[in-house]
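Each chain, letter by letter, is given below.
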Amino acid sequence: MSASRLRPGPRRWAAYYRWTADRPPRELLLRTLDHIDWEGRGRRRRSAVELGFGAGTDTLELLRRGWEVLAIDGQEAAAKFLAGRVPARRRPLLTTLVAPMEGLELPPTDLVYASFSLPFCAPERFPELWATIGRALRPGGHFAGQLFGDRDEWNGQRPMTFHSRRQVEALGRGFRVELLRETEEAGRSFDGPKAWHFFDMILEKPARTRS
Ligand SMILES: C[S@@+](CC[C@H](N)C(=O)[O-])C[C@H]1O[C@@H](n2cnc3c(N)ncnc32)[C@H](O)[C@@H]1O
């Protein structure tokens, strides 16, 4: 397999953004936004950190709903692609950061959203990233995103992060698990046919209890 398929470079990511730009917002994001009771959480504007925003379709949905978004991606091409899609009136709500997700410090936030991006974290840096996400969430805040399972076809082929179900369940400890959905199916990726194995997760960080 070529190096570009192992670790996609800027041109390949840019092609991926064009390929995905027309998709609707992901079901996981809509479910997170629609089914969680965001009411009664004060009048402060809700804030999200999105990791690996790609073409930015989900970023646009958050902005459309009035969220303040810190959108992070490792690719300059993603930032350029998103900048061209954000309506002028929504721009004040958006901060874009081009940086690797590994080693980030994140600001306090109501939602960390990572759609099909955390598996691209270097495996040895994943525990630190997961701890960073947990710290950034405000009490009552949510994480929503996917992790790749250990039976995903790319496991063993690419330098990415994969988890067994047991490991995913362990990551959910300390959170209220609102969704843990496992999918194993034959499908397609940008690179062609692929056997997918992944977990959709929505987790809530418990609110502080009064002592
Ligand atoms: C499969 S795409 C998903 C994009 C989008 N969230 C979606 O659901 O369509 C993964 C994204 O993560 C970004 N990414 C990959 N590795 C990264 C890293 N180490 N740090 C930050 N972003 C990374 C890529 O540039 C890409 O935009």
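Throughout this document, residue positions are counted from 1 along each chain, in the order its sequence is written. A pLDDT threshold of at least 70 governs which residues receive local features in this predicted model, and a stricter bar of 80 or more applies before side-chain atom pairs are shown or counted, although totals over entire chains, interfaces and linings include all residues.

A. Structural detail: the pairing of strand 8 (residues 192–204). A strand pair is defined by DSSP finding two or more bridges across the two strands. Only DSSP runs of H or I reaching four residues or more are called helices, and only runs of E reaching two or more are called strands; each is numbered from the N terminus. For strand 5 (residues 137–149) and strand 8, the ladder comprises seven bridges, and the chain directions are antiparallel. What sits directly across from Ala 144, in strand 8, is Ile 202. Note that strand 7 (residues 176–189) and strand 8 share 13 bridges and pair antiparallel. Within strand 8, the position partnered with Val 177 by the bridge is Leu 203.

B. Here's a closer look at the nonpolar core. By definition, a nonpolar core groups buried Ala, Val, Leu, Ile, Met, Phe, Trp, Tyr and Cys residues that connect through C-beta atoms lying within 7 Å of each other. Exposure in this text rests on C-beta crowding, where 20 or more other C-beta atoms within 10 Å of a residue's own make it buried, 12 or fewer make it exposed, and counts in between make it partly exposed. The C-beta atoms are placed from the backbone. In terms of nonpolar packing, the biggest core is built from 46 residues, with Val 69, Val 112 and Ala 144 touching the most fellow members. Any two residues are considered in contact once their C-beta atoms, placed from the backbone, lie within 7 Å. Those residues within four positions of Val 69 in sequence are excluded, and the remaining contacts are Ala 48, Glu 50, Thr 59, Leu 62, Leu 63, Leu 93 and Leu 94.

C. Structural detail: helix 4 (residues 57–64). Counting buried residues in helix 4 gives six out of eight residues, a clear majority hidden from the surface. Restricting attention to buried positions, one finds in helix 4 the residues Thr 57, Asp 58, Thr 59, Leu 60, Leu 62 and Leu 63. On the buried face of helix 4, the contacting elements are helix 3 (27–35), strand 1 (47–51), strand 2 (68–73), helix 5 (76–83), strand 3 (94–98) and strand 4 (109–114). One or two positions beyond helix 4, positive phi appears at Gly 66, with a value near 90°.

D. Structural detail: the packing of helix 2 (residues 10–20) against helix 5. Closest axis-to-axis distance for the helix 2/helix 5 pair is 9 Å, and the angle between their directions is 30°. Classified by the angle between their axes, helix 2 and helix 5 sit roughly parallel to one another. Taken as a pair, helix 2 and helix 5 cross one another with a handedness that is right-handed. Of helix 5, the residues touching helix 2 (which contributes Pro 10, Trp 13, Ala 14 and Tyr 17) are Ala 77, Ala 78 and Phe 81. Under the scheme applied here, ten amino acids are nonpolar (Ala, Val, Leu, Ile, Met, Phe, Trp, Tyr, Cys and Pro), four are charged (Asp, Glu, Lys and Arg), and all others, including Gly, are polar. Of the residues in the contact of helix 2 with helix 5, the class split is seven nonpolar, no polar and no charged. Lines fitted to the C-alpha atoms define the axes, with helices restricted to the stretch that makes contact. Angles between their N-to-C directions range from 0 to 180 degrees. With respect to orientation, any angle under 35 degrees is reported as roughly parallel, any angle over 145 as roughly antiparallel, any angle of 65 to 115 as roughly perpendicular, and every other angle as oblique. Definitions for this section: a left-handed crossing has its near helix turned counterclockwise from the far helix by less than a right angle. A right-handed crossing has that turn clockwise.

E. Fine view of the environment of Leu 94. For Leu 94, the position within the fold is in strand 3. For Leu 94, a count of 20 C-beta atoms within 10 Å translates into the label buried. Taking the C-alpha atoms as reference points, Leu 94 and Met 201, separated by 107 residues in sequence, lie 24 Å from one another. Aside from chain neighbours lying at most four places away, what touches Leu 94 is Leu 63, Val 69, Ala 71 and Val 86.

Note that every value here comes from positions in space, so none of it alone points to a role or purpose.
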